[in-house]
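Inside the fold
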Amino acid sequence: MTAKPQTRIFSHGYDPQRSEGAAVPPVFRTSTFIFKTAAEGKRAFEIAYGLDCAKAGESPALIYTRVNNPNSEILEDKVVVWDGAEAAALFSSGMGAISSTCLAFLKPGDTLLFSDPVYGGTEFFFRRVLPQFNIRTIPFPAGTPREELERMVKNDPTVKVIYIESPANPTMMLSDIRGAAEIAGRYSREDHRILTVVDNTFMGPIFSKPLALGADVILYSATKFLGGHSDLVAGVAMGSAALVGQIKVMRTILGSNSDPDTAWLIQRSLGTLQLRMEQQQASARRIVDFLLTHPKVQSVAYPGSPAMGEAQTALWRDQCTGTGSLIAFCVKGGEAEAFRVLDAVEHMKLAVSLGGIESLIEHPSSMTHSDMTPAEKAQAGITDNMIRMSVGLEDPQDLIADLAQALGA
Ligand SMILES: *Cc1c(COP(=O)(O)O)cnc(C)c1O
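Residues numbered from 1 in each chain as written. Predicted model: local features only at pLDDT ≥ 70, side-chain atom pairs only at ≥ 80, totals over all residues. Heavy atoms only, no water.

**Here we look at the overall build of the protein**
- Secondary structure summary: the protein contains 14 helices and twelve strands in total.
- Taken along its principal axes, the extent of the C-alpha atoms in the protein is 70 × 55 × 40 Å.
- Within the protein, buried positions represent 55% of all 409 residues.
- When contacts within the protein are restricted to residue pairs at least 6 apart in sequence, those whose partners lie at least 24 apart make up 73%. (Helix = DSSP H or I, 4+ residues; strand = E, 2+ residues; numbered from the N terminus. Buried < 20%, exposed > 50% of the residue type's maximum accessible area, 1.4 Å probe, protein only. Contact = heavy atoms within 4.5 Å.)

Now the structure itself:
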């Protein structure tokens, strides 16, 4: 009898007998671990540095909290229940997960293709940091047809990673994950496997499961829905045990690991993850309906909405089981009109970040995506009249009333 993730999350990945019977995991606030024997220590290092793989049933000794820690491992074992990943790695931030994963698989001369736009920090890392190491990064517009992406991969034997953020932040455009994974498989060579890496922060793990669509690695900013309370910063990478093993070696060397207290907070948040995401989505749908009919709203971007066009709706039906709780909408006018709304809201908080229990609202062009040039913004569809909203757990009627008065301002 296989239980649903919402049931398994409460027992999966934690054995109370290893912690004095404690019903919930204690915090293992320690920097280092004592080996029983020298041979045990030697074996633990062989596995941690990727010199050998753990055998079935073998559980290597813990070494040092930059390498591993019971709280990180409990979280890593639990957090995979929705995506069905073989393994996960916890990081100090979403950016830690993204940068460490890219550095684990890319070397000078390689090319990374990325859906455009992506999260502002990711954008900076791709456009300004990776090229310093002679790694080429080439954007393709989110929602690019499969044939066009195939042409890019076919004509360039240096492509090593296809990186997708879907839905894209902040335009909510979906990209064809299934198509990218098929293309990666088709043009991989024995000594050059092309990996499909997907940032699943916006919809996952409840409404989007890219591993099931063929992606190799999925990434999360755990700061957002996984943590869910705007009180921590963390990231997660997931995939096969072999790929996550490589990522963990890079994490150990870069020091982008998280800490026991943060890992503990995230595992505590996972029990309510599905409930939070479903309720936030239900409220978001009511807000979208309100915005679509408001005379001062020019357009609304929301996954699954017919307003996104035929191709996007088809992708949504194939790849998502929900619509999520992120909304981007454009007011009539420009930055001044958008700012008037942002300054007038009372229940929603004017702040970047998303996925928490309180509603947050922000201006992508001047805030989260301000490091992009005007040309890059235009290419990605980030306009000065665009507002991004993350719907929280407040009463949806109060949120609608708040938006109504702010749009009236
Ligand atoms: C926030 C975010 C990130 C970066 O995560 P941090 O935890 O802030 O480092 C990456 N991708 C997406 C889609 C995000 O929303």
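**Considering the pairing of strand β3 (residues 136-141)**
- As judged from the six bridges shared by strand β2 (residues 111-116) and β3, these two strands associate in the parallel manner. Paired with leucine 112 across the bridge in β3 is threonine 137.
- Since β2 and β3 lie parallel, the crossover through helix α5 (residues 120-129) that links them has a hand, and here it is right-handed. (Pairing = 2+ DSSP bridges. Right-handed = clockwise from strand over helix to strand, strands pointing away.)

**Points about the site of the ligand**
- Close contacts around the ligand come from 14 residues, with Met95, Asp199, Ser221, Thr223 and Lys224 the closest.
- Glycine 94 places a polar main-chain atom, nitrogen or oxygen, 2.8 Å from an oxygen atom of the ligand.
- Take lysine 224: an N or O atom from its side chain is 2.7 Å from an oxygen atom of the ligand.
- Contact with the protein chains removes 93% of the 380 Å² of surface that the ligand exposes when unbound.
- Its residues assigned to classes, the shell around the ligand shows six nonpolar, five polar and three charged. (Near = heavy atom within 4 Å. Polar contact = N/O pair within 3.5 Å; in protein donor to acceptor, adjacent residues only side chain to side chain. Areas by Shrake-Rupley, 256 points an atom, 1.4 Å probe, with all protein chains shown as cover. Nonpolar A, V, L, I, M, F, W, Y, C, P; charged D, E, K, R; others polar.)

**Focus on the UniProt feature "modified residue: N6-(pyridoxal phosphate)lysine" (unreviewed entry) in the protein**
- With numbering matched to this structure, UniProt assigns "modified residue: N6-(pyridoxal phosphate)lysine" (unreviewed entry) to Lys224.
- Structurally, lysine 224 can be placed in the loop between β6 (217-221) and β7 (235-239).
- Here lysine 224 is in contact with Tyr119, Thr201, Ser353, Leu354 and Gly355, once residues within four sequence places are set aside. (UniProt positions renumbered as here; feature names shortened; annotations may be inferred.)

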